[in-house]
Amino acid sequence: MLRLLGYFFGIGTVMALAVAAGVIIYIGDLTKDLPDYEVLANYEPPVTTRVHSADGQLMGEFARERRLYVPIQAVPDRVKAAFLSAEDKNFYTHPGVDFLALARAMIVTNLENIQKGRRLVGASTITQQVAKNFLLTNDRTIDRKIKEAVLAFRIEQAYSKDRILELYLNEIFFGAGAYGIAGAALTYFGKSVNELNLQEAAYLAVLPKAPSNYHPFDDTEAATTRRNWILDRMNENGYITAEEATAAKQAPLGVNFRRSGSYVFASEYFTEEVRKRIIDRYGEDALYEGGLSVRTTLDPHLQELARKALQHGLIQYDRERGYRGAVDTIDTAGDWGAALADMKDMSDVPEWKLAVVLNMGQNGAEIGLRPERETTGDLSAERQTVALPAAGIEWAKTRRADGRTSKVKSITDVLSVGDVVYVEKTGDAYELQQVPGISGALISMDPNTGRVLAMVGGFSYSQSQFNRATQAYRQPGSSFKPIVYSAALDNGYTPASVVLDAPIQLVSGGEVWQPKNYGGGYAGPSTLRLGIERSRNLMTVRLAKDMGIELIAEYAERFGVYDNMQRVLAMALGAGETTALRMVSAYSVMANGGRSIEPSFIDRVQDRYGRTIYKHDQRICEACNVERWAGQDEPQLIDNREQVLDPMTAYQITSMMEGVVQRGTATLLRDLGRPLAGKTGTTNEEKDAWFIGFTPNVVTGVYMGFDQPQPMGRNATGGHLAAPVFKEYMSAALADSPIADFRLPAGMNVIEIDRKTGMRASGGEDTILEAFKPGTGPADSYQVIGIETVAVEIEEQQAISPRAQEAIQSGQGGLF
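Keep in mind that what you see is a predicted model, and the values were worked out from it rather than measured.

Caption draft 1: Up close: the nonpolar core. Residues Phe 559 and Tyr 729 are the most contacted members of the largest nonpolar core, which totals 141 residues. Here this core gets 9 residues from one element, more than from any other, and that element is helix 19 (residues 580-591). Among all residues touching Phe 559, those that are not within four sequence positions of it are Ile 483, Ser 486, Ala 586, Val 589, Met 590, Val 644 and Leu 645. Core analysis: the next-biggest nonpolar cluster, separate from the first, contains 56 residues, Phe 83, Leu 84, Ala 131 and Phe 189 among them.

Caption draft 2: Broad picture of the packing of aromatic side chains. Considering all chains together, one arrives at 22 aromatic pairs under this definition. Ring plane angle 80 degrees and centroid distance 5.0 Å describe the contact between Phe 91 and Tyr 92, whose orientation is recorded as edge-to-face. With a centroid separation of 5.2 Å and 45 degrees between ring planes, the pair formed by Tyr 188 and Phe 257 is classed as tilted. Placement of Tyr 188 in helix 7 (residues 180-189) and of Phe 257 in the loop between helix 10 (242-250) and helix 11 (268-282) is noted, with a sequence separation of 69 residues between them.

Caption draft 3: Local environment of empty space enclosed by the protein. On inspection of all chains with the given rule, the structure shows 3 cavities of 30 Å³ or more. Within this model, the largest cavity holds a volume of roughly 100 Å³. Around the largest cavity, the lining comprises 13 residues; the ones closest to its centre are Ala 266, Tyr 269, Arg 307, Asp 348 and Val 456. For the lining of the largest cavity, the elements supplying multiple residues, two or more each, are helix 11, helix 13 (300-321) and strand 16 (452-456). Ranked by residues supplied to the lining of the largest cavity, first place goes to helix 13 with 3 residues.

Caption draft 4: The sheet that holds strand 1 (residues 49-52), seen in detail. Across the sheet, 5 strands lie side by side as 2-1-6-21-22; this open sheet has mixed pairing. In this open sheet, the two strands that pair with only one neighbour each are strand 2 (58-62) and strand 22 (612-615). Here the strands of the sheet are splayed against their neighbours by 15 degrees on average, with no regard to which way each runs. Note that strand 21 (residues 602-606) and strand 22 share 3 bridges and pair antiparallel. Within the sheet, the bridge partner assigned to Val 605 lies in strand 22 and is Tyr 614.

Caption draft 5: Just a nonpolar patch on the surface, in detail. A surface patch of nonpolar side chains, about 270 Å² in accessible area, is lined by Leu 744, Val 750 and Leu 769. Inspection of the secondary structure puts Leu 769 in strand 27 (residues 767-772).

Caption draft 6: Examining the confidence of the model for the protein chain more closely. When the pLDDT values of the protein chain are averaged, the result is 87; 86% of them are 70 or greater. Taken as a whole, residues 789-801 scores under 50 in pLDDT and shows 31 contacts with residues more than four places along the chain or in a different chain. Of the regions scoring below 50 in pLDDT, residues 807-816 engages in 48 contacts with residues more than four places distant in sequence or in other chains.

Calculation criteria
Residues numbered from 1 in each chain as written. Predicted model: local features only at pLDDT ≥ 70, side-chain atom pairs only at ≥ 80, totals over all residues. Heavy atoms only, no water. Core = buried A, V, L, I, M, F, W, Y, C linked by side-chain atoms within 4.5 Å. Buried < 20%, exposed > 50% of the residue type's maximum accessible area, 1.4 Å probe, protein only. Helix = DSSP H or I, 4+ residues; strand = E, 2+ residues; numbered from the N terminus. Contact = heavy atoms within 4.5 Å. Phe/Tyr/Trp six-rings, centres within 6.5 Å; stacked < 30°, edge-to-face > 60°. 1 Å grid on protein atoms, 1.4 Å probe; cavity = no way out; pocket = protein on both sides within 12 Å on 5 of 7 lines; lining within 4 Å. Points joined across faces, edges and corners; volume = space filled by probe spheres on them. Pairing = 2+ DSSP bridges. Axes fitted to C-alpha atoms, helices over the stretch in contact; angles between N-to-C directions. Patch = residues over 30% accessible without salt bridge, like charges linked within 9 Å, V, L, I, M, F, W, Y side chains within 5 Å. Areas by Shrake-Rupley, 256 points an atom, 1.4 Å probe, with all protein chains shown as cover. Salt bridge = Lys/Arg side-chain N within 4 Å of Asp/Glu carboxyl O. pLDDT = per-residue confidence, 0-100.

See the structure below:
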């Protein structure tokens, strides 16, 4: 018997050894090509890029996986405890695989799941999940589980428990586009990790198991049950008390999804421009995965002021041209609220609400406001109706259709039942609104640094993403003239030089060009100062002819207005096409004393580790970092930017543009009560209206016009349309700023002259102080430039753009 037992024991031993050898060979073969777990040491997951305003407010986030990486030291203990209790309570004691939990899962849980037809579970530890998520696939096979276990052992030997938990918490998917614990905390609760309370941490610990099964609104009961189960496990494991668990279980889930997109109000155009520039500089992967921290130049306060001013100007012009009709029409017999809620409104114009006309009478209309959707996405059951009084509709009795304006007698001819319109509550009553048919842009910049402080690219980003400040190429008209006059002043002319303002006829390729002043007429011999102040086209053409168009093109390109200006005289009147950003940058050169300017929307970019990889301000300050003060002079910033205009010339053209405000085409700005220089601009047939102006510290440009260029109407000039927008913005923007004077460069001579003749004067109502460069001054004899001009053959050196050709043929060019 013993012999038989020994025989069977020997056979069993041999078979066991054979099986063990087979298992070893199988596992060895299975694991010989395992991924290198050492790549975890250089783990750089896709991380959200965040864009902030100059004062640190969040403007936008860009990510393929919405993740913010946080070190384990920044994760509160209770948050860790919630995940350990939910996923792996023995994490800090097992070697990578929890054999007890594995046995329980295989013998108890999975047998029960087989009987109930449920999915089998694998009892993976956090370390195993790290191995799977980082190094393996999601295949549900025995081979993958074996590889996962082997890698878990190796990972445990190579990394600390805290490092493994850090990898896990930053990698896992939480649903709703959120990856990692920090991204989930922001997405679900709008909080940072260290602000999460107990029940919030427990709910987030629910999600890695199956985010779609525990949606806070679609699966509230299941999500709450699972959260409460985790709270009980935290109590059992000693992380919290029974009282804390009970209190937390009684609380609602409290999820408040954080909206994506732009966060600083009215900053959408700015944020989109920053996005494009980051991609141009670093590529899409850096933006959407690199975890960059971008500090922009945007001033949120100025941005709101800019938006408000431009919208007011666009609305005022549009209202004067009349009401164009309803946004849409819907049937009010059924649930008008549902139909109205399905219509897209302008999210960045929250003052305006979509509404439908329910009843109409002589005293006004009854309207139904667009119902709001709940956080869940469900439509609110509430239907709010309000009165739209006749006074709020009165302006719309002027109708605009097919380019013609007409007047209706009654407000009942304005609106009909079922009309969908925009309304705004002003005071205690509602008023009818309409999206302007005209558009425009406003951009405000620090001329000394090139930092763009505010930018509005249109009435509403929701309505149109086209940025008219940076993308719209329009004729600058007479706002280009300061570049022409700067070139003259930099090359021997003075503000007192006299040019003939009289009819001129030029021949181009057999065609006659006869430019005209706005409104006709001419003033005869006039100083350059008067030419700028009164925006005289005939003078400017004669001056350009006298200098040569090549010189003007050189300065236009130097200032950044054009990359390659067409060499034709019509360009001196602003017949070329450029952007508002380029024009404001050019004026900044004149405002800052003649230094080249590189407009910047970004102050600084840091990588995911906090290292600065870009800084806009390249000025050098060698003494700024001394450890202590020892009586030395204060540090000086060394500005190495190119000097593209003589500082004395910059002062002269600035002084001449101050005259535009004091005596010229922008006198409505005088009551701003501070030194201000600027220039109006209007193009052929009033298709574009400009005003660009500046103080010593702020340059602001305003442009208005239809996206498809068309006449805006007689007197729709820069002085009448753009300058009031400029005034509203600058009066508010500079309200708390001290008054600053333009600095006279050392060495210049200030001499009294007659502003009409340019000759030396000694008192009188036409006497002004004029600044002259050393060695120059008022002429001793009366000389008039261009008096001999009758006709000249213009040799065209390249093709002219259609709008420039139109300006030449019409004789209007740049106007008032």
